[in-house]
Amino acid sequence: MSHTLNTVEDLEQENIKLLEELEVSYQNLELVVEQASKEKEIAYRELQDNFEALQRSYEEISNKENLLVHLEKLSSIGQFITEIIHELKNPLTIISAHAEMALMMDPPAELQEQLRQISKQVMRLSGYLNRFRSMAYKSQEDFVLFDVNKNLIESMSTIEMIIPKGIKLQKEIFELPLMIKGDQYQINQIFLNLAKNAFDAMKTNGNLLRVSSKVVLLDWVETGGNVGKHYCLSPAKWNRLLTEHKQFVLIEFEDNGPGIDEENLDNIFQAFFTTKDRDKGTGLGLSISSDIVKRHDANLAVLSQPGIGTRFQIIFPMIDKENMYEDIILRTSTMVGM
Ligand SMILES: Nc1ncnc2c1ncn2[C@@H]1O[C@H](COP(=O)(O)OP(=O)(O)OP(=O)(O)O)[C@@H](O)[C@H]1O
Ligand SMILES: [Mg+2]
């Protein structure tokens, strides 16, 4: 009997021990499960981060791909665009000439305003067409030696036609020819883009566009602060240019508009960067201008102070085979150190 009792007691004891062990194992298991689920959560979060990064890269690639496809299409239909532009530009030139002639006949005031509007809108359309043309012409450049001063003067008369009311144009044009090598049509595009930007900016603030051309020596270019620290060339290319040339043509477009914020100065040469409304700006003017400048082995720089104004500088290597400018450079190099 006592033996049986002992056995029951023993069994009970053993049961308790087993139960205790089971509990400990269960607690351990709980810890293991908890740890595993934490690890699972971390791994899941990592997976999610990787997935998001992958998604971002994919979006970037497809954006770039879209741009490439877009550019490819543009170049393949370049010829087609050129033809259409040619067909459109002729009647536009005729409309503009008729409006100008009618204006010269001194019509009544209200008609004058309407004729000015016609001229202005035709100029706008021509501007857009020219921009497309400069894309289509990318591979058909025709570089010649020419007087960029003459082109600047000619562009001024076009610019005077689109100048908004209340804005003054101050011209400080160098007295002698300034010879550079390049595509005259494309260079004129830059002048028009810079003037248009200044006019757009001065709608909110400012009333003076100063356009100047002059010869500057390497010293002037290299002296800190004369040339804007934001420019479209890579620093390496700019340095190479400075080692290869001694004198430069400097053309400046300066306005007393609202200026450009420091953070935007890094982006203005990027394609499609604009602070204007969708129907007012495409963000291509400066990007096309900087492409043109780069192809001309030149530089486009900007100095700007918010609330004070903006100065764009185009710096071309000057061709002066006969050293005919030596005297003038000596005279003007002191004058230009502004
Ligand atoms: N003179 C200026 N004063 C103030 N901001 C300027 C000036 N010139 C350019 N910007 C700024 O640089 C941006 C980019 O200029 P960009 O000419 O490339 O494009 P856009 O003028 O906006 O459009 P688009 O030239 O295609 O009509 C402008 O949206 C504007 O914010
Ligand atoms: Mg523009």
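Below, the structure is looked at part by part. All residue numbers refer to positions counted from 1 along the written sequence of the respective chain. The order in which chains are written sets their letters, starting at A; the order in which ligands are written sets their numbers, starting at 1. Only residues with pLDDT of at least 70 get local features here, since the model is predicted, and only at 80 or more are side-chain atom pairs given and counted; chain-wide, interface and lining totals rely on the full set of residues.

### So, the sheet that holds strand β2 (residues 168-172)
Across the sheet, which stays open at both edges, the 6 strands sit in the order β2-β4-β6-β8-β7-β5 with mixed pairing between neighbours. Edge positions in the sheet fall to β2 and β5 (230-231), since each has one partner strand and no second. With 9 bridges connecting them, strand β4 (residues 208-217) and strand β6 (residues 247-255) associate as antiparallel partners. Across the sheet, residue Leu 209 finds its bridge partner in β6, namely Asp 255. Paired strands are those between which DSSP finds at least two bridges. Helix numbers and strand numbers start at the N terminus; a helix is a DSSP run of H or I with at least 4 residues, a strand a run of E with at least 2.

### Examining the site of ligand 1
Each residue receives a C-beta atom placed from its backbone. It is near a molecule or strand if this atom lies within 6 Å of it. Around ligand 1 there are 21 residues in total, and Ala 201, Thr 274, Gly 281, Gly 285 and Leu 286 lie nearest to it. Looking at the shell around ligand 1, the elements that each hand over two or more residues are α5 (184-201) and α9 (285-295). The greatest single-element share of the shell around ligand 1, amounting to 4 residues, is contributed by α5. Note on residue categories: nonpolar means Ala, Val, Leu, Ile, Met, Phe, Trp, Tyr, Cys or Pro, charged means Asp, Glu, Lys or Arg, and polar means any other residue, Gly included. Across the shell around ligand 1, the residue classes tally to 8 nonpolar, 11 polar and 2 charged.

### Some points on the packing of α5 against α9
When two helices pack together, their arrangement is given by the angle between the helix axes and by the axis-to-axis distance. Axis definition: a line fit to C-alpha positions, over the contact stretch in the case of helices; interaxial angles, taken between N-to-C directions, run 0 to 180 degrees. Orientation of α5 relative to α9, taken along the N-to-C sense of each, is 150°, at an axis distance of 9 Å. For the pair α5 and α9, the sense of crossing is left-handed. Residues Gln 186, Gln 189, Ile 190, Asn 193, Lys 196 and Asn 197 of α5 form the contact with α9, whose participating residues are Gly 285, Leu 286, Ile 288, Ser 289, Ile 292 and Val 293. Two helices cross in a left-handed way if the nearer one is turned anticlockwise from the farther one by less than a right angle. They cross in a right-handed way if the turn is clockwise. Residue pairs qualify as contacts under a 7 Å threshold applied to their C-beta atoms, which are placed from the backbone.

### Looking at helix α4 (residues 148-162)
In this model α4 runs 21 Å from its N-terminal to its C-terminal C-alpha over 15 residues, within 8% of the 21 Å that 1.5 Å per residue would give. Turning to α4, its buried residues are Val 148, Asn 149, Asn 151, Leu 152, Ser 155 and Ile 159. One less than the number of residues in a helix, times 1.5 Å, gives the span that helix is expected to have. Counting other C-beta atoms within 10 Å of its own, a residue is labelled buried from 20 upward, exposed at 12 or fewer, and partly exposed in the gap between, with every C-beta atom placed from the backbone.

### Digging into the pairing of β2
Of all 5 residues in β2, 0 are buried; the element is thus mostly exposed. Judged from the 5 bridges that link them, β2 and β4 form a sheet pairing that is parallel. Bridge assignment links Gln 170 to a residue of β4, and that residue is Arg 210.

### What to know about the packing of α4 against α5
Across the interface, α4 lies against α5 with an axial gap of 10 Å and an inter-helix angle of 45°. Viewed along their axes, α4 and α5 adopt a mutual orientation that is oblique. In the packing of α4 onto α5, the handedness of the crossing is right-handed. Where α4 approaches α5, its residues Val 148, Asn 151, Leu 152, Ser 155, Thr 158 and Ile 159 are matched on the opposing element by Gln 184, Ile 187, Asn 188, Phe 191, Leu 192 and Ala 195. Of the residues belonging to the contact of α4 with α5, the class tally is 7 nonpolar, 5 polar and no charged. An angle below 35 degrees is read as roughly parallel, one above 145 as roughly antiparallel, one from 65 to 115 as roughly perpendicular, and any other as oblique.

### Re the environment of Val 148
Take Val 148: it is sitting in helix α4. Since 27 C-beta atoms lie within 10 Å of it, Val 148 is described here as buried. Note: C-alpha distance between Val 148 and Phe 316 (168 residues apart in sequence) is 9.6 Å.

### A few points about the environment of Leu 145
Examined against the element boundaries, Leu 145 turns out to sit in strand β1 (residues 144-147). C-alpha separation for the pair Leu 145 and Gly 182, spaced 37 residues apart in sequence, amounts to 6.5 Å. Once you skip the residues sitting within four places of it in the chain, Leu 145 turns out to touch Met 179, Lys 181 and Ile 319.

### Quick look at the nonpolar core
To define a nonpolar core, we join buried Ala, Val, Leu, Ile, Met, Phe, Trp, Tyr and Cys residues through C-beta atoms within 7 Å and take the resulting set. The biggest cluster of nonpolar side chains holds 45 residues, and the ones touching the most others in it are Ala 195, Phe 248, Val 249, Ile 314, Ile 315 and Phe 316. Those elements giving two or more residues to this core turn out to be α4, α5, β4, α6 (218-222), β6, α9, β7 (299-305) and β8 (309-317). In terms of residue count, the dominant contributor to this core is α5 (8 residues). If sequence neighbours within four positions are ignored, Phe 316 has contacts with Val 148, Ile 180, Phe 248, Val 249, His 296 and Ala 298.

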